[in-house]
Amino acid sequence: MRGFSAANHESRAACRGTAPRRKRHALVRRCALAVFGLALSFPAAAEEAAGLHVPSPDWRDQVIYFVMIDRFDDGDPGNNDQGVGEYDPADGARYSGGDLRGVARRLGYIRDLGATAVWITPPVAHQWWNTATRYGGYHGYWAEDFKAVDPHFGTLQDYRALSRALHGAGMYLVQDVVVNHTANFFAYREGWDEADPTRHFELIPDARGRTAPTQPPFDRNDPRDPAQRAEAIYHWTPDIADFGDRRQELEFALAGLDDLNTENPRVRAALRDSYGHWIREVGVDAFRVDTAFHVPEDFFPDFLHADDAEAPGAVRVARATGREDFLSFGEGFGADKPFDEAQARKLDAYMRVPGGLPSMINFPLYGTLGDVLARGRPTAELRHRIESMMALHDDPWRMPSFIDNHDVDRFLAGAGEPALRQALLAMLTLPGIPVIYYGTEQGFTGQRAAMFAGGYGSGGRDRFDREAPLYRYLQRAIALRRAHPLFSRGAPTMLADNAAGAGALAWRTDHAGESALVVFNTADAPVLLDALDTGLPAGTVLRGLFALDGVPDDAVVGRDGRLTRVLPPRSGLVWRVADETAAVPEPAAAPVVEPLPPGPARGDFTVQGMAPGTDEVQLVIDGDLARAAMVPVAADGRWRAPVATGGMTDPAVVHRLVARDPASGAVSTAQTFYADLDWRELADITDPRGDDAGPTGRYVYPSGPGWRELRPADIERVRVLGAGGALRVELTMHGLGNAWNPANGFDHVAFTLFLQLPGLDGGVAAMPQQHARLPDGMRWHRRLRAHGWSNVLFSAEGANATDEGTPVTPGAGIAVDREARTVAFTLPAGALGDPMSLSGTRLYVATWDYDGGYRPLAPEAGSAGFGGGEADDPRIMDDTPVIVLP
């Protein structure tokens, strides 16, 4: 362009990213005007735009801190109570008072943690109180005006101030957006006629008497008006009943929320206009797109790239503000079962639509991180998930990863702090944009507890403690990632795993000539990592970089590029591969294990071998040093030892056996085998049908879909099987649901299994959080709680009426047969303390439902709460008698 002034040349440099960094932020607005002209309007005054618009970062290198506005901090108490009964910090269903000013005033706390971006829940005007469900919209996802800031959260100026503060600190703003639905203003509670959406249609006034959103065209929600019906802004459908039905997933109401007709060009234009507004007027740097699976894939090319002068796509709007890489990442709520990829492929399909969403939240990785690190599942499952995501997705580096969030249980609700530290380290050393859910750094266990003293579940004190152990740990772990780009940009090569259970997991990450070795022991006892093939030359020096509790000692790769180490319990270790070598000592003579016979081991068996020159060997199975037997070596150098198979419950798993010289550390070549246990029936009890009405016989299920039709808490039969010290409990239910595609294969019911183990003292009679005590004088030593999204085994240590006890691993395996209506829980002997027999064990099973806690009970049922009792009555819908195993 001839005739450009020096200032215009500077603006063009800012657009290209070639201007000096210190000048870029100030030049961005000039860049947009010079290149794009005035087609996309900015805030009227230049001073209003200052600090709002900055160039996009490299999203691979960011660490996002996720904030629920209402629960984070209260910067303006004057906006807390809007006068319709929606505000009560003592009630988790109502507002606590957090707002945008509160987020802004805590940015130093977030920045010092190491986060580089803040993702906030939707700040838009929304329904405050749903009279039908008796629940509040404090979370922001029930929009009634997509272009206005909700008064509870502040003003447009407050939002701009947050944006400026973030950008001034070199940080970025991610806004949660909803395109699938508005708030719940109508329903079909008495039925639905696809041919006539006016039949059984009813409007639901909210606490302000409103029966529709206030923003056009979303206010056109009544199909009984021919004009509104013709406009087809909504789908006018009932709640989703079958999440496996793609039409229902796309067009029916999710949890009662009014489903928008996103195929309608008018709806698309209104959504583009609404969300483009926040980019222009506030300076939003990225979108998290809620419920993306419930919107057609082809919606997103239009939403992001539409060439419409009145309502351009979000990417076009962002480019006009100088953002060349405006990131939109979608939520696809669904985790995969072990070694499955169905949900991952569904995510990937959204990212492969030309011009569609460039990124999706990595839910499958979340599910497997929890299974392996919190619940003690085999580390082979996480190896598969990592290898799968690298092979399946073109750009896993820009897919946000997380370990918990506002829709699922907190990690610490079902695991200990060492497991949490491991999960955070794994997330921060793997490809993907790490997301830290607020409160994780303070050890939160409550799903949506507040960080500020006046908020729900805060315990009456602020939680912004920079000296908290987890805060300090996260500072170190985030600093590791930010100091070494190979963790945000490199590719992992998996090196070791355990197919049988908790134990070793290792990978090497490589990028641009740099490499690092990342090693975990997920078990609660020491583990032998033997003959790890590092893929590195012998003598390569490994410099200690990071450990959960400090820095590991340096190491040297042995002959043939292998490394053998004893890993401490619940450890996480990172070494940098140095550009130097060291001498490799001659290895000591290793014991020998004779080859094992082919075929499965049906029960215990004997193994033997040679170890001349030593007095004893250590027989190590699946790396487990805590259970490793010390075997004497005879004068002729021979040794012989039994192998117990009672904990080997999966006949498909290949087990690994080595002999180790405890004096020299030398390890034999591994032998492998698999075990097929002989399960025998210990009990078979028929439970009366239709007795799922609580202890009084007056309880009723919630009124929402999936409960009353299926009666999922009604136990019909209990079979108990044993194999040595391993236990299997198979429950036949009246019906099994699958709302929200639960990872465990069932939903709308939580099973709580209590076990009293023979020969043990102590135990607890209270049923934690269920307002009840065990019958018949029973006291539990192990307690299993499982619903669609959780599966946690507890010991009785620390348990009482309110505290669940201490999480222990390994947890239960879950198998669901929907056709037979059965759910089976399998506990290996190790989960029960390695008993030789189950004789005398007492078992009791109770049903209810769970969502961040056992669902509430009230005199009247709600859409997600049980009815027919008082709040402190027992939360038991159906139960079994106490079963004593022979």
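All values reported here derive from a predicted model rather than from experimental measurement. (Residues numbered from 1 in each chain as written. Predicted model: local features only at pLDDT ≥ 70, side-chain atom pairs only at ≥ 80, totals over all residues. Heavy atoms only, no water.)

Caption draft 1: Region of interest: the sheet that holds strand β24 (residues 605-610). The strand order across the open sheet formed by three strands is β23-β24-β27, and the pairing between neighbours is antiparallel. Of all strands in the sheet, those bounded by a partner on one side alone are β23 (592-593) and β27 (638-643). As paired strands, β24 and β27 are joined by six bridges and run antiparallel to one another. Across the sheet, V607 pairs through a bridge with A641, a residue of β27. (Pairing = 2+ DSSP bridges. Helix = DSSP H or I, 4+ residues; strand = E, 2+ residues; numbered from the N terminus.)

Caption draft 2: View of the sheet that holds strand β32 (residues 726-733). What the five strands build is an open sheet, ordered β30-β31-β32-β40-β39; its pairing is antiparallel. Strands at the two margins of the open sheet, each flanked by one partner only, are β30 (680-686) and β39 (813-817). The average undirected angle you get between the axes of adjacent strands in this sheet is 15°. Taken together, the six bridges between β30 and strand β31 (residues 715-723) define a ladder with antiparallel strand orientation. Bridge assignment links E681 to a residue of β31, and that residue is L721. (Axes fitted to C-alpha atoms, helices over the stretch in contact; angles between N-to-C directions.)

Caption draft 3: Up close: the packing of helix α16 (residues 417-429) against helix α17 (residues 469-483). Interhelical geometry of α16 versus α17 gives an angle of 20° and a closest axis separation of 9 Å. Classed by the angle they form, the pair α16 and α17 counts as roughly parallel. Classified by chirality, the crossing of α17 by α16 is right-handed. In this structure, α16 contributes E417, L420, R421, L424, L425, M427, L428 and T429 to the contact, and α17 contributes P469, L470, Y473, L474, A477, I478, L480 and R481. Counted by class, the contact of α16 with α17 contains 12 nonpolar, one polar and three charged residues. (Parallel < 35°, antiparallel > 145°, perpendicular 65-115°, else oblique. Left-handed = near helix turned anticlockwise from the far one by under 90°. Contact = heavy atoms within 4.5 Å. Nonpolar A, V, L, I, M, F, W, Y, C, P; charged D, E, K, R; others polar.)

Caption draft 4: Broad picture of the packing of aromatic side chains. All chains considered together, the criterion is met by 45 aromatic pairs. Between F66 and Y437, the ring centres sit 5.5 Å apart and the planes meet at 35°, which makes this aromatic pair tilted. Here Y437 lies in strand β14 (residues 433-437) and F66 lies in strand β1 (residues 64-67), a separation of 371 residues in the sequence. The exposure classification of F66 matches that of Y437, with both residues buried. Here the aromatic residues Y65, F66, F72, Y109, W119, F329, Y437, Y438, F444, F464 and Y471 are joined through ring pairs into a cluster of three or more. In this structure, R71 is placed above the aromatic ring of Y138, and the distance from its NZ or CZ to the ring centre is 4.0 Å. Directly above the ring of F464 sits R106, whose terminal nitrogen or CZ lies 3.8 Å from the centroid. (Phe/Tyr/Trp six-rings, centres within 6.5 Å; stacked < 30°, edge-to-face > 60°. Buried < 20%, exposed > 50% of the residue type's maximum accessible area, 1.4 Å probe, protein only. Lys NZ or Arg CZ within 6 Å of the ring centre and 35° of its normal.)

Caption draft 5: Expanded view of α17. When the terminal C-alpha atoms of α17 are compared, their 21 Å separation across 15 residues agrees well with the 21 Å that a helix rising 1.5 Å per residue should span. The set of residues buried in α17 consists of L470, Y471, Y473, L474, A477, I478, L480 and R481. Each element contacted by the buried residues of α17 is listed here: α6 (107-113), α16, β14, α18 (486-489), β19 (540-547) and β22 (571-581). (Expected span 1.5 Å × (residues − 1).)

Caption draft 6: Representation of the environment of D404 within the structure. With respect to the element layout, D404 can be found in the loop between β13 (400-401) and α16. D404 gets classed as buried once you look at its relative accessible area, which sits at 4%. When the C-alpha positions of D404 and F363 are compared, they lie 9.9 Å apart, and in sequence the two are 41 residues distant. Apart from residues no more than four positions distant in its own chain, D404 is found in contact with Y366, D409, R410, F411, Y437 and T440. A distance of 2.8 Å separates a polar atom in the side chain of D404 from the backbone nitrogen of F411. (Polar contact = N/O pair within 3.5 Å; in protein donor to acceptor, adjacent residues only side chain to side chain.)

Caption draft 7: Looking closely at the side chain of R268. With respect to the helices and strands, R268 occurs in helix α10 (residues 265-282). Owing to a relative accessible area of 13%, R268 belongs among the buried residues under this scheme. Among the polar contacts made by the side chain of R268, one reaches the main-chain carbonyl oxygen of T262 at a distance of 2.6 Å. Beyond its immediate sequence surroundings of up to four residues, R268 is in contact with T262, E263, D298, F299 and D302.

Caption draft 8: Here's a closer look at the pairing of strand β10 (residues 286-290). Judged by how many residues are buried, β10 sits mostly within the fold: five of five residues are covered. Because side chains alternate across β10, one face comprises the buried residues A286, R288 and D290, and the other comprises F287 and V289, equally buried. In this sheet, β10 lies alongside strand β7 (residues 172-178) in parallel orientation, the contact comprising five bridges. Looking across to β10, one finds that V177 is bridged to V289. For β10 and strand β11 (residues 327-330), the ladder comprises four bridges, and the chain directions are parallel. Considered in β11, the bridge of A286 is made with L327.

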